[in-house]
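Here are the chains, one letter per residue:
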Amino acid sequence: KLGNETAKAELGRAAWKLLHTTMARFPDKPSTEESAALKSYIHLFQRLYPCGECSQHFRKIIDKYPPQVSSRSTAAAWACHVHNEVNKSLHKELFDCANIGDFYDCGCADDEATEPK
Ligand code: FAD
(Lines give C-alpha, C1' and ligand atoms only; values in the text may rest on other atoms or scores of the structure.)
Protein backbone atom coordinates (compact mmCIF):
# COMPACT_ATOMS: atom_id res chain seq x y z
CA LYS A 1 0.00 0.00 0.00
CA LEU A 2 1.21 3.48 -0.83
CA GLY A 3 1.98 5.63 2.18
CA ASN A 4 1.38 9.36 2.32
CA GLU A 5 4.86 10.89 2.20
CA THR A 6 3.63 14.44 2.86
CA ALA A 7 1.81 13.43 6.03
CA LYS A 8 4.77 11.33 7.17
CA ALA A 9 7.17 14.25 6.68
CA GLU A 10 4.87 16.68 8.52
CA LEU A 11 4.51 14.29 11.41
CA GLY A 12 8.28 13.90 11.47
CA ARG A 13 8.93 17.65 11.61
CA ALA A 14 6.38 18.10 14.40
CA ALA A 15 7.75 15.15 16.37
CA TRP A 16 11.38 16.23 16.07
CA LYS A 17 10.45 19.77 17.08
CA LEU A 18 8.73 18.52 20.22
CA LEU A 19 11.56 16.13 21.06
CA HIS A 20 14.36 18.70 20.63
CA THR A 21 12.41 21.40 22.48
CA THR A 22 11.81 18.97 25.34
CA MET A 23 15.58 18.40 25.56
CA ALA A 24 16.25 22.14 25.46
CA ARG A 25 14.05 22.54 28.57
CA PHE A 26 15.32 19.50 30.48
CA PRO A 27 17.13 20.50 33.70
CA ASP A 28 20.90 21.02 33.69
CA LYS A 29 21.06 19.03 36.90
CA PRO A 30 18.12 16.62 36.83
CA SER A 31 17.12 14.49 39.79
CA THR A 32 17.27 10.71 39.43
CA GLU A 33 13.52 10.76 38.97
CA GLU A 34 13.65 13.42 36.23
CA SER A 35 16.28 11.43 34.35
CA ALA A 36 14.18 8.27 34.67
CA ALA A 37 11.14 10.16 33.36
CA LEU A 38 13.02 11.37 30.30
CA LYS A 39 14.34 7.90 29.62
CA SER A 40 10.81 6.41 29.73
CA TYR A 41 9.50 9.27 27.60
CA ILE A 42 12.06 8.51 24.88
CA HIS A 43 11.33 4.78 24.94
CA LEU A 44 7.57 5.40 24.77
CA PHE A 45 8.05 8.02 22.04
CA GLN A 46 9.78 5.30 20.00
CA ARG A 47 7.28 2.60 20.84
CA LEU A 48 4.13 4.64 20.17
CA TYR A 49 5.44 6.71 17.26
CA PRO A 50 2.52 6.69 14.80
CA CYS A 51 4.53 5.72 11.68
CA GLY A 52 5.24 2.01 12.15
CA GLU A 53 8.17 1.85 9.75
CA CYS A 54 9.75 4.87 11.47
CA SER A 55 9.16 3.37 14.92
CA GLN A 56 10.89 0.10 13.97
CA HIS A 57 13.74 1.93 12.39
CA PHE A 58 14.15 4.25 15.39
CA ARG A 59 14.12 1.24 17.74
CA LYS A 60 17.31 -0.02 16.12
CA ILE A 61 18.91 3.40 16.46
CA ILE A 62 18.13 3.74 20.15
CA ASP A 63 19.25 0.17 20.81
CA LYS A 64 22.59 1.19 19.37
CA TYR A 65 22.65 4.66 20.99
CA PRO A 66 20.84 4.44 24.34
CA PRO A 67 19.19 7.66 25.61
CA GLN A 68 21.55 10.00 27.50
CA VAL A 69 19.59 11.62 30.29
CA SER A 70 22.14 12.86 32.83
CA SER A 71 21.81 16.59 31.91
CA ARG A 72 20.24 19.02 29.46
CA SER A 73 23.37 19.18 27.32
CA THR A 74 23.89 15.42 27.10
CA ALA A 75 20.18 14.86 26.34
CA ALA A 76 20.18 17.54 23.63
CA ALA A 77 23.38 16.16 22.08
CA TRP A 78 21.94 12.64 22.14
CA ALA A 79 18.71 13.72 20.38
CA CYS A 80 20.70 15.64 17.79
CA HIS A 81 22.84 12.57 17.18
CA VAL A 82 19.95 10.14 16.74
CA HIS A 83 18.12 12.62 14.49
CA ASN A 84 21.30 12.74 12.38
CA GLU A 85 21.25 8.93 12.24
CA VAL A 86 17.74 9.16 10.75
CA ASN A 87 18.93 11.95 8.42
CA LYS A 88 21.75 9.71 7.22
CA SER A 89 19.46 6.83 6.40
CA LEU A 90 17.15 9.20 4.48
CA HIS A 91 20.14 10.81 2.69
CA LYS A 92 19.44 14.20 4.24
CA GLU A 93 21.92 16.83 5.28
CA LEU A 94 23.39 16.44 8.75
CA PHE A 95 22.75 19.08 11.40
CA ASP A 96 25.70 20.64 13.21
CA CYS A 97 25.03 19.59 16.80
CA ALA A 98 27.35 22.31 18.13
CA ASN A 99 24.48 24.75 17.34
CA ILE A 100 21.75 22.82 19.10
CA GLY A 101 21.83 25.03 22.22
CA ASP A 102 20.32 28.10 20.53
CA PHE A 103 18.05 26.49 17.99
CA TYR A 104 15.04 25.22 19.96
CA ASP A 105 12.99 27.79 21.81
CA CYS A 106 9.88 26.84 23.73
CA GLY A 107 8.55 30.40 23.65
CA CYS A 108 8.14 30.25 27.39
CA ALA A 109 10.36 33.26 28.29
CA ASP A 110 12.45 33.47 31.43
CA ASP A 111 10.24 31.32 33.56
CA GLU A 112 12.90 29.05 35.01
CA ALA A 113 10.75 28.83 38.12
CA THR A 114 8.11 27.00 36.12
CA GLU A 115 10.59 24.80 34.25
CA PRO A 116 8.92 21.40 33.93
CA LYS A 117 9.86 19.07 36.77
P1 FAD B 1 13.35 16.92 9.65
O2 FAD B 1 14.33 15.79 9.65
O3 FAD B 1 11.93 16.63 10.02
O4 FAD B 1 13.92 18.05 10.60
C5 FAD B 1 13.16 19.22 10.89
C6 FAD B 1 14.13 20.35 11.16
O7 FAD B 1 14.93 20.02 12.29
C8 FAD B 1 15.16 20.58 10.04
O9 FAD B 1 14.63 21.43 9.06
C10 FAD B 1 16.31 21.19 10.78
O11 FAD B 1 16.08 22.58 10.99
C12 FAD B 1 16.25 20.51 12.12
N13 FAD B 1 17.18 19.37 12.23
C14 FAD B 1 17.61 18.54 11.25
N15 FAD B 1 18.44 17.62 11.75
C16 FAD B 1 18.53 17.87 13.08
C17 FAD B 1 19.25 17.27 14.15
N18 FAD B 1 20.05 16.23 13.94
N19 FAD B 1 19.11 17.78 15.38
C20 FAD B 1 18.31 18.85 15.59
N21 FAD B 1 17.60 19.47 14.64
C22 FAD B 1 17.73 18.98 13.39
N23 FAD B 1 10.79 9.28 7.68
C24 FAD B 1 10.91 8.24 6.78
O25 FAD B 1 10.63 8.43 5.61
N26 FAD B 1 11.37 7.02 7.19
C27 FAD B 1 11.72 6.76 8.49
O28 FAD B 1 12.10 5.65 8.84
C29 FAD B 1 11.56 7.83 9.44
N30 FAD B 1 11.83 7.63 10.76
C31 FAD B 1 11.58 8.63 11.66
C32 FAD B 1 11.77 8.37 13.01
C33 FAD B 1 11.46 9.34 13.95
C34 FAD B 1 11.63 9.04 15.41
C35 FAD B 1 10.97 10.60 13.54
C36 FAD B 1 10.62 11.65 14.56
C37 FAD B 1 10.79 10.86 12.20
C38 FAD B 1 11.09 9.88 11.24
N39 FAD B 1 10.92 10.11 9.88
C40 FAD B 1 11.09 9.09 8.98
C41 FAD B 1 10.59 11.46 9.38
C42 FAD B 1 11.87 12.19 8.96
O43 FAD B 1 12.87 12.12 9.98
C44 FAD B 1 11.62 13.69 8.70
O45 FAD B 1 10.97 14.27 9.82
C46 FAD B 1 10.79 13.99 7.47
O47 FAD B 1 11.34 13.31 6.35
C48 FAD B 1 10.78 15.51 7.17
O49 FAD B 1 12.13 15.90 6.95
P50 FAD B 1 12.67 17.36 6.88
O51 FAD B 1 13.73 17.35 5.82
O52 FAD B 1 11.56 18.34 6.73
O53 FAD B 1 13.42 17.65 8.24
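Data block above holds the structure.
So, here is what we can say about the structure in this document. (Residues numbered from 1 in each chain as written. Predicted model: local features only at pLDDT ≥ 70, side-chain atom pairs only at ≥ 80, totals over all residues. Heavy atoms only, no water.)

### Here's the deal with the nonpolar core
- Residues L19, M23, L38, I42, F45, F58 and W78 are the most contacted members of the largest nonpolar core, which totals 23 residues.
- Listing elements by their share of this core, those giving two or more residues are α1 (5-24), α2 (32-48), α3 (52-64) and α4 (72-89).
- Broken down by element, the residue count for this core peaks at seven residues, all from α4.
- Excluding residues that lie within four positions of it along the chain, L38 makes contacts with T22, M23, F26, V69 and A75. (Core = buried A, V, L, I, M, F, W, Y, C linked by side-chain atoms within 4.5 Å. Buried < 20%, exposed > 50% of the residue type's maximum accessible area, 1.4 Å probe, protein only. Helix = DSSP H or I, 4+ residues; strand = E, 2+ residues; numbered from the N terminus. Contact = heavy atoms within 4.5 Å.)

### Remarks on the site of the ligand
- If you check the shell around the ligand, you find 24 residues, and the closest are R13, C80, H83, K92 and Y104.
- The protein chains hide 83% of the 950 Å² of surface that the ligand would expose on its own.
- If you map the ligand onto the pockets, it falls in the largest pocket.
- Only α1, α3, α4 and α5 (100-103) provide two or more residues apiece to the shell around the ligand.
- No other element matches α1, which puts seven residues into the shell around the ligand.
- Considering only residue class, the shell around the ligand consists of 14 nonpolar, six polar and four charged. (Near = heavy atom within 4 Å. Areas by Shrake-Rupley, 256 points an atom, 1.4 Å probe, with all protein chains shown as cover. 1 Å grid on protein atoms, 1.4 Å probe; cavity = no way out; pocket = protein on both sides within 12 Å on 5 of 7 lines; lining within 4 Å. Sits in = over half its atoms within 2 Å of the grid points. Nonpolar A, V, L, I, M, F, W, Y, C, P; charged D, E, K, R; others polar.)

### Details of α1
- With 20 residues, α1 extends 28 Å between its outermost C-alpha atoms, agreeing within 8% with the 28 Å of an ideal straight helix rising 1.5 Å per residue.
- Along α1, the residues that are buried comprise G12, A15, W16, L19, H20, T21 and M23.
- Buried residues in α1 make contact with α2, α3, α4 and α5.
- Between the side-chain oxygen at the start of α1 and the backbone nitrogen of T6 there is a gap of 3.1 Å, and the oxygen is on N4. (Expected span 1.5 Å × (residues − 1). Polar contact = N/O pair within 3.5 Å; in protein donor to acceptor, adjacent residues only side chain to side chain.)

### Digging into the state of the cysteines
- Taken as a whole, this structure holds three disulfides when the rule is applied.
- Each sulfur in the disulfide pair C80 and C97 lies 2.0 Å from the other. Across the S-S bond of C80 and C97 the torsion is about -90°, and the bridge reads as left-handed. With C80 in helix α4 and C97 in the loop between α4 and α5, the pair connects residues that are 17 residues apart, well separated along the chain.
- Among the residues examined, C97 registers a relative accessible area of 26% and is labelled partly exposed.
- Assigning the bonded cysteines of the protein chain consecutive numbers by sequence position, one obtains the connectivity 1-2, 3-4, 5-6. (Disulfide = S-S within 2.5 Å.)

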